[in-house]
Amino acid sequence: METQVGIVGAGPAGLVLSHLLALQGIDNVVLEQKTRDRVESRVRAGVLEQGSADLLIDTGVGGRMVAEGAVHEGVNLQFDGERHRIDFTALADGRTITVYGQQEVVKDLIAARLAAGGTILFEAEDVAPHDVIGPAPSLTFRHCGSERELACSVVAGCDGFHGVCRDAIPRRARREFGREYPFGWLGILAAVAPSTDELIYAFSERGFALHSLRSPEISRLYLQVDPADHVSNWPDERIWDELRLRLASPGWTLHEGPVLEKAITGMRSFVCEPMQYGNLFLAGDAAHIVPPTGAKGMNLAIADVTVLARALAAHFNDGDRAGLERYSERCLGRVWRVQDFSNTMTELLHVLPGDDPFSSRVQRAKQRYVESSVAMRRTIAENYVGLPLD
Ligand SMILES: Cc1cc2nc3c(=O)[nH]c(=O)nc-3n(C[C@H](O)[C@H](O)[C@H](O)COP(=O)(O)OP(=O)(O)OC[C@H]3O[C@@H](n4cnc5c(N)ncnc54)[C@H](O)[C@@H]3O)c2cc1C
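Quick caveat, the model's predicted, so the values are computed rather than measured.

Draft legend 1. Representation of the site of the ligand. The full set close to the ligand counts 30 residues, and E32, R42, Q102, Y222 and D285 are the nearest of them. Contact distances for the ligand include 3.2 Å between a nitrogen atom and a backbone N or O atom of Q33. Within the side chain of R44, an N or O atom sits 3.0 Å from an oxygen atom of the ligand. Elements with a minimum of two residues in the shell around the ligand: α1 (12–23) and α8 (297–318). Sorting elements by how many residues they give to the shell around the ligand places α8 first, with three residues.

Draft legend 2. Local environment of the sheet that holds strand β8 (residues 119–121). The mixed open sheet is built from six strands, whose spatial order is β8-β2-β1-β12-β19-β18. Of all the strands in the sheet, just β8 and β18 (276–277) have a single pairing partner and so form its edges. Sheet topology places strand β2 (residues 28–31) next to β8; three bridges connect them, and they run parallel. Within the sheet, the bridge partner assigned to L31 lies in β8 and is L121.

Draft legend 3. The environment of F177, seen in detail. Assignment of secondary structure puts F177 in strand β13 (residues 175–190). Note: C-alpha distance between F177 and C272 (95 residues apart in sequence) is 6.5 Å.

Draft legend 4. Expanded view of helix α3 (residues 50–58). Within α3 the residues assigned to the buried category are Q50, S52, A53, L55 and L56. Among the residues trailing α3, G60 stands out with phi positive, at a value near 85 degrees.

Draft legend 5. Region of the structure containing helix α12 (residues 374–385). With 12 residues, α12 extends 16 Å between its outermost C-alpha atoms, agreeing within 8% with the 16 Å of an ideal straight helix rising 1.5 Å per residue. The complete set of buried residues in α12 reads M376, R377, I380, A381, N383, Y384 and V385. The N-capping residue of α12, defined by a side-chain oxygen 3.2 Å from the backbone nitrogen of A375, is S373.

Draft legend 6. Region of the structure containing the sheet that holds strand β10 (residues 138–143). Judged by pairing direction, the sheet is antiparallel, and its three strands sit side by side in the order β9-β10-β11 without closing on themselves. Each end of this open sheet is capped by a strand with a single partner; those strands are β9 (125–130) and β11 (146–151). Between one strand axis and the next, the sheet turns by 20 degrees as a mean value, whatever way the strands run.

Draft legend 7. Expanded view of the packing of aromatic side chains. In total, this model carries nine aromatic pairs according to the counting rule given. Judged by centre distance (5.3 Å) and plane angle (25 degrees), the ring pair of W185 and F208 falls under stacked. Placement of W185 in strand β13 and of F208 in the loop between β14 (200–203) and β15 (209–213) is noted, with a sequence separation of 23 residues between them. Exposure remark for W185: the relative accessible area of 4% places this residue in the buried category. For F208, a relative accessible area of 0% puts it in the buried group. Here a set of aromatic residues connected by ring pairs shows up, and it is made of F88, W185, Y201, F208, Y222 and Y384.

Draft legend 8. Spatial organisation of the state of the cysteines. Applying the stated criterion to the full structure yields zero disulfides. Here C331 is not cross-linked by a disulfide; its sulfur's nearest cysteine counterpart is in C158, at 11 Å. Taking relative accessible area as the criterion, C331 reaches 3% and is therefore assigned buried.

Draft legend 9. Quick look at the pattern of salt bridges. A full pass over the atoms with the stated rule returns 27 salt bridges. Measuring nitrogen to oxygen at the nearest pair gives 2.8 Å for the salt bridge that ties E242 to R206. With E242 in helix α7 (residues 236–247) and R206 in the loop between β14 and β15, the pair connects residues that are 36 residues apart, well separated along the chain. For E242, a relative accessible area of 10% translates into the label buried. For R206, a relative accessible area of 48% corresponds to the partly exposed category. Salt bridges here are not isolated pairs; linked through shared partners, they connect R64, E68, E104, K107 and D108.

Draft legend 10. Region of the structure containing the environment of V370. For V370, the position within the fold is in helix α11 (residues 357–372). Separated by 45 residues in the primary sequence, V370 and E325 place their C-alpha atoms 40 Å from one another.

Draft legend 11. Examining the side chain of N383 more closely. One can find N383 in helix α12. On the accessibility criterion, N383 (7% relative accessible area) is buried.

Draft legend 12. The nonpolar core, seen in detail. Formed by 72 residues in total, the largest nonpolar core has its most connected members in L17 and L31. Ignoring any residue separated from it by four or fewer positions in sequence, one finds L31 in contact with I7, V8, G9, L121, A124, V127, L139, F141 and L150. Core analysis: the second largest hydrophobic core is formed by 32 residues, I86, F88, M345 and Y384 among them.

Parameters and conventions
Residues numbered from 1 in each chain as written. Predicted model: local features only at pLDDT ≥ 70, side-chain atom pairs only at ≥ 80, totals over all residues. Heavy atoms only, no water. Near = heavy atom within 4 Å. Polar contact = N/O pair within 3.5 Å; in protein donor to acceptor, adjacent residues only side chain to side chain. Helix = DSSP H or I, 4+ residues; strand = E, 2+ residues; numbered from the N terminus. Pairing = 2+ DSSP bridges. Buried < 20%, exposed > 50% of the residue type's maximum accessible area, 1.4 Å probe, protein only. Expected span 1.5 Å × (residues − 1). Axes fitted to C-alpha atoms, helices over the stretch in contact; angles between N-to-C directions. Phe/Tyr/Trp six-rings, centres within 6.5 Å; stacked < 30°, edge-to-face > 60°. Disulfide = S-S within 2.5 Å. Salt bridge = Lys/Arg side-chain N within 4 Å of Asp/Glu carboxyl O. Core = buried A, V, L, I, M, F, W, Y, C linked by side-chain atoms within 4.5 Å. Contact = heavy atoms within 4.5 Å.

Okay, here's the thing in structure tokens:
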């Protein structure tokens, strides 16, 4: 097999890249290790920045998102029961977010690629990049019992944090920065109408809680837990009790319903520099991870591949490699800005384990500053809706 761009991974990064390249007439093949069903049913992120939503609409894959997603003009931060609305209309020049599940974005993109005659090989096993430093890289893999090879000019590593592409950059040629947080999130999907019109991020002495939404019938809620904890310790009743206590606010009631899914995810920050090596380009979680408190993971993946698609179009269509050479530098500016925002939100809203009274007092001072300062709320608003790409 031969193509111009071999894409590893059919998450948001790989699929958006495949879609954008196809629109520019650039041939590409996506290799994905999981089944289509598995990829389309993974419940993860659900907040699209204005720029991400605009991109999906402008490139013809936003129809269902517009019909079924919900545009939000604000978000709530709550400290010890007192709720403070961050008003995007007033503070972020009218930019908004769209609440639409990541798995729905993935479904829409897969449908669009297949309808356009694109190639996505699901259940591609043992994918391995070769010769990425030179002009003729390739990807070997096993598919339907046969050993296969995909020759390409460029490899896009969109294979998430646990993928294989990052390791194709030799250790001496890359530097990794990371931080593990001493807490994780227990996330549930519940068959109950959301108890709020806009997301609620709540700090309480018992720990962080988040009330998010997926649809008029489905709510998504999270609790700060020990990352080593197990869902078997969290029967539904205990989850709802804890959510009720942490999200409590005068005059507000939490609606409960059947829990459809629950999982505990650890939280980490991670960046790999550079995000490119020869003709290998990393995008999305393959290159960086943010704690989910800023709702940025999927958006950062979409921003990376937007930059990459433009650079690849200039390279393949105009013979101009300058954008590709600057890819990593362009992306890392945004990546570190988002790392800062995600870290700030995480430290503002979680109970920091360990008895460190100084840090607790500083955290309380920051929370009070959100309450009192329009400048602080504006900073949160403009980062939350997403900074412009250029
Ligand atoms: C469990 C979980 C929950 C999350 N929850 C939230 C949330 O609530 N809010 C939020 O903002 N963000 C959340 N995130 C982050 C967000 O979902 C990610 O940032 C986003 O998925 C990044 O997209 P991506 O395409 O870069 O990577 P991924 O979505 O991870 O996609 C990578 C793809 O590559 C495939 N792959 C991996 N290895 C190989 C290989 N060797 N060969 C072929 N294919 C391979 C994978 O199967 C996958 O389909 C969550 C992430 C996880 C893991």
